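Fold and geometry: a report
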Amino acid sequence: MVSLTTVKCLDYYGSMVSKLRNFRLALMSALVLGTLPTLAQEAPPLDNAPSEALPPSAADTAAALNAELFYDLLVGEMSASQGDAVNAVALLMEAARQSQSQQLYQRAAELALQSRSGQRALMVADEWQKNFPKSREANRFMLQVLLMLNRISESQDALNREVAWTPAAAKPSTYLAIAQLYSRATDKALAAAVVEQALQPDLKNPSLAPAAWATIGHLRIAANQKDLALQALKHAYAQGPRSGATALLALELMESGVASAEPMVHDYMQHQPAPTIQMAYARVLMAQNRLDNALEQLNRLLKSNPDMADAWMALATLHAQQANWKKAQEALQRLETLVQKMPALAQRTQALTQAYLLGGRISLQQKDYAQALAWLEKIPSGVDTLNVQSLKAQALAKLGKLAQGRALIRAVQADSEEQEMQKRQAEVILLRDNDAPQEAYLLQRTLYEQFPENANVAYETAILAERAGKIDAMEKILRDIIQKHPDHHHAFNALGYSYAERNIRLPEAKELIETALQQAPNDPFILDSLAWVEFRMGNKDSALTLLEKAYALRNDVEIAAHLGEVLWSTGNQERARSVWRKALTQDADNETLRATLERLQVKP
């Protein structure tokens, strides 16, 4: 039998209960019944004793506590449902103190976070942790809040506890979570130092050290401390040369331009590498335009893993980059067969969409526009709509149906300003690529007028202005970008190259391009621009050296056109013809290449 006090309390607040969601009531019931003593039955009244003189019984005390607790829970949850986070957290905290319930502290903490009040969340976390110093949940919440508030140095103790309390078998996955959490810090160097301090005990454990050092290395790369990241890699390699964690850190360093990390990757690849890491290596090689090396890795990978869909996708892409259309189509067909066998519908749909998109792009490059449309028509309606419709529009435009292609893009529904911008950008690209520079510029100009502070929009407007013959507008926009965004190396490069191409203001052009190169060392297109300035200034040897380097970094048709011209001018006509022939197989319609061959009256 429930005490009278509890009954009265429930009657009083019964009308409010229906306002709360069912799961909130279930939570409160579980918390009250699960964290407080079971209610005792009422004791029989004592004969001939005045009721006002009786001391409160244990049952009445428990009932009153239950009633107060229930009140705090009920009103707290109602406050939360009405958006009053301050009162909600305060009432739930009071209930947590009474019941000494971790669940209630956790609920208060969740509400504090939902209200976007970091200080309130920190207050809850602090009290929760003090009352439950051995609670891993409380410690994790404290760590999360401190990082959310960007109080990196204060998170050291909480991180130390988290690492110490993690079982050895679970530590590698915990390292990944730690790296993700701390990579969001504003002071990334401090974040890396805090994590390194927390992992000190594990760095002395031979079975954990490679993964721990790799975690530190990833954070050092995020902090742009490549020298320290390389040191971490050397420590990881010394204790785990066959470790996948070591190989992944080496790959990230390779990707960021640290060539000395590659021998460690290569060593790992010689000893039964994990297919996913081998795949990652092939992708890094492709990104560095080392296509022959990437092809070797992919062939090795597919020999031992013939049903790996990702590898076939990469192989098809690689063959397309090399203009080996037949092999690209063969790889794509094998990929389609494999994907069709995937059991999960969502996974199968996503993979097929990627395959069909790639098929469409390959067919466009082959100038087989009907086949491109056939690939793209296989993609289910509503999947990656703008991307699909943009490719269809390109195929239609090449078939002489530019207006129909524009209509396809315009018909795509846009649910936000950002999506509307993407639609207009897709239409601009369609016009730009299909001999409509004036229309492309005018449409891009509307974007520029709408978003004048967007450097990328401004840059694209400048490039299109030049194509449309609006040289003064191009120069004005680029100089405006340089003034407002002095780190926008593309603007420096574009203005310098424009001067070099028109053979004017060459010293200034060189200065502009060198500034761009300082900001983006080894960018092949900037190297190409600088080479073109040197060539215009009569420095053929310097131009040739720069172009050879640029062409080695990226096998691009326009770089090839320039390299061929410099070779031709130095008397190396046989090599020039070879470079041009290869470029023609990639893109026979490239404007720079065609103009170069026509001007020099060369038939490769």
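These notes cover the structure that comes with them. (Residues numbered from 1 in each chain as written. Predicted model: local features only at pLDDT ≥ 70, side-chain atom pairs only at ≥ 80, totals over all residues. Heavy atoms only, no water.)

A word on the overall build of the protein
Stated formally: Every helix listed is a DSSP run of H or I at least four residues long, and every strand listed is a run of E at least two residues long, numbered separately from the N terminus. Any residue under 20% of the maximum accessible area for its type is buried, any over 50% is exposed, and the rest in between are partly exposed; the area is computed with a 1.4 Å probe on protein chains only. Only heavy atoms matter for contacts: two residues are in contact if any of them lie within 4.5 Å across the pair. Each accessible area is a Shrake-Rupley result for a 1.4 Å probe, and residues are judged covered by the shown protein chains and nothing else.
What the protein contains, in helices and strands, is 34 helices and 0 strands. Burial statistics for the protein: of 604 residues in total, 47% are counted as buried. Across the protein, contacts joining residues at least 24 apart in sequence account for 53% of those joining residues at least 6 apart. With the model as given, the accessible surface of the protein reaches about 30,700 Å², and the carbon-plus-sulfur share is 51%.

Description of empty space enclosed by the protein
The cut-off we apply is this: Both cavities and pockets are sets of points on a 1 Å grid over the protein atoms alone; in a cavity a 1.4 Å probe fits but cannot get out, in a pocket the set is open with protein on both sides within 12 Å along at least five of seven lines, and lining residues sit with an atom within 4 Å of a point. Grid points are joined across faces, edges and corners, and a volume is the space filled by probe spheres set on the points. For this scheme, ten residues count as nonpolar: Ala, Val, Leu, Ile, Met, Phe, Trp, Tyr, Cys and Pro. Four count as charged, namely Asp, Glu, Lys and Arg, and the remainder, Gly too, count as polar.
Counted according to the given criterion, the structure contains 1 cavity of 30 Å³ or more. The set of elements that each furnish at least two residues to the lining of the largest cavity consists of α26 (455-467) and α27 (471-484). For the lining of the largest cavity, the leading source of residues is α27, giving 3 residues. Split by residue class, the lining of the largest cavity holds 4 nonpolar, 2 polar and 3 charged.

Some thoughts on the environment of Lys-510
If you trace the backbone, Lys-510 turns up in helix α29 (residues 506-519). The sequence separation of Lys-510 and Leu-530 amounts to 20 residues, and the corresponding C-alpha distance is 6.5 Å. Ignoring anything within four residues of it in the chain, the contact list for Lys-510 reads Leu-530, Val-533, Glu-534 and Met-537.

Concerning helix α18 (residues 309-321)
Rule in force here: Multiplying 1.5 Å by the helix residue count minus one yields the expected span of that helix.
In this model α18 runs 19 Å from its N-terminal to its C-terminal C-alpha over 13 residues, within 8% of the 18 Å that 1.5 Å per residue would give. Counting buried positions along α18 gives 10 out of 13 residues, so the element sits mostly inside the fold. Where α18 is concerned, the buried positions are Ala-309, Ala-311, Trp-312, Met-313, Ala-314, Leu-315, Ala-316, Leu-318, His-319 and Ala-320. Where α18 is buried, its residues meet α16 (275-287), α17 (291-304), α19 (325-340) and α20 (345-365).

Some thoughts on the packing of helix α8 (residues 156-165) against helix α9 (residues 171-182)
What counts here: In this analysis, axes come from line fits to C-alpha atoms, helices being fitted only over the stretch in contact, and the angle between any two N-to-C directions falls in the range 0 to 180 degrees. When describing relative orientation, an angle under 35 degrees is termed roughly parallel and one over 145 degrees roughly antiparallel, while 65 to 115 degrees is termed roughly perpendicular and anything else oblique. Handedness of a crossing is defined here by the sense of rotation of the near helix relative to the far one, left-handed for an anticlockwise turn of less than a right angle and right-handed for a clockwise turn.
Put simply, α8 and α9 touch, their axes get as near as 10 Å, and they point 160° apart. As the angle between them shows, α8 and α9 are arranged roughly antiparallel. As α8 runs across α9, the sense of the crossing is right-handed. Residues Leu-159, Glu-162 and Val-163 of α8 pack against Lys-171, Thr-174, Ile-178 and Tyr-182 of α9.

Here's the deal with the nonpolar core
Put simply, the rule is: Nonpolar cores were defined as sets of buried Ala, Val, Leu, Ile, Met, Phe, Trp, Tyr and Cys residues, with membership established by side-chain atoms within 4.5 Å.
Leu-233, Leu-253, Met-279, Leu-298, Leu-332 and Leu-335 are the most contacted members of the largest nonpolar core, which totals 67 residues. Here this core takes 9 residues from α18, the largest share from any one element. With residues up to four places along the chain from it excluded, the contact list for Leu-298 reads Met-279, Ala-282, Met-286, Ala-311, Ala-314, Leu-315 and Leu-318. If you look at the next biggest cluster of nonpolar residues, it comprises 63 residues, including Ile-481, Ile-482, Leu-512 and Ile-559.

Some details on unusual backbone geometry
One non-glycine residue, Asn-289, adopts positive backbone phi at about 65°. Within the secondary structure, Asn-289 sits in the loop between α16 and α17. Even without being a glycine, Arg-505 presents a positive backbone phi close to 45°. Locating Arg-505 in the fold gives a position in the loop between α28 (489-502) and α29.

Considerations on the pattern of salt bridges
Let me state the cut-off plainly: In the sections that follow, a salt bridge refers to a side-chain nitrogen of Lys or Arg positioned within 4 Å of a carboxyl oxygen of Asp or Glu.
Per the stated rule, a full pass over the model turns up 25 salt bridges. Of the charged contacts in the structure, one is a salt bridge between Lys-392 and Glu-377, with a shortest N-O distance of 3.5 Å. One end of the pair, Lys-392, is in helix α22 (residues 385-398); the other, Glu-377, is in helix α21 (residues 369-377), with 15 residues separating them in the sequence. What makes Glu-377 exposed here is its relative accessible area of 52%. Salt-bridge contacts for Arg-479 lead to Glu-508; the nearest nitrogen and oxygen are separated by 2.6 Å. Of the two residues, Arg-479 is situated in helix α27 and Glu-508 in helix α29; the sequence distance between them amounts to 29 residues. Overall, Glu-508 belongs to the partly exposed group, its relative accessible area being 24%.

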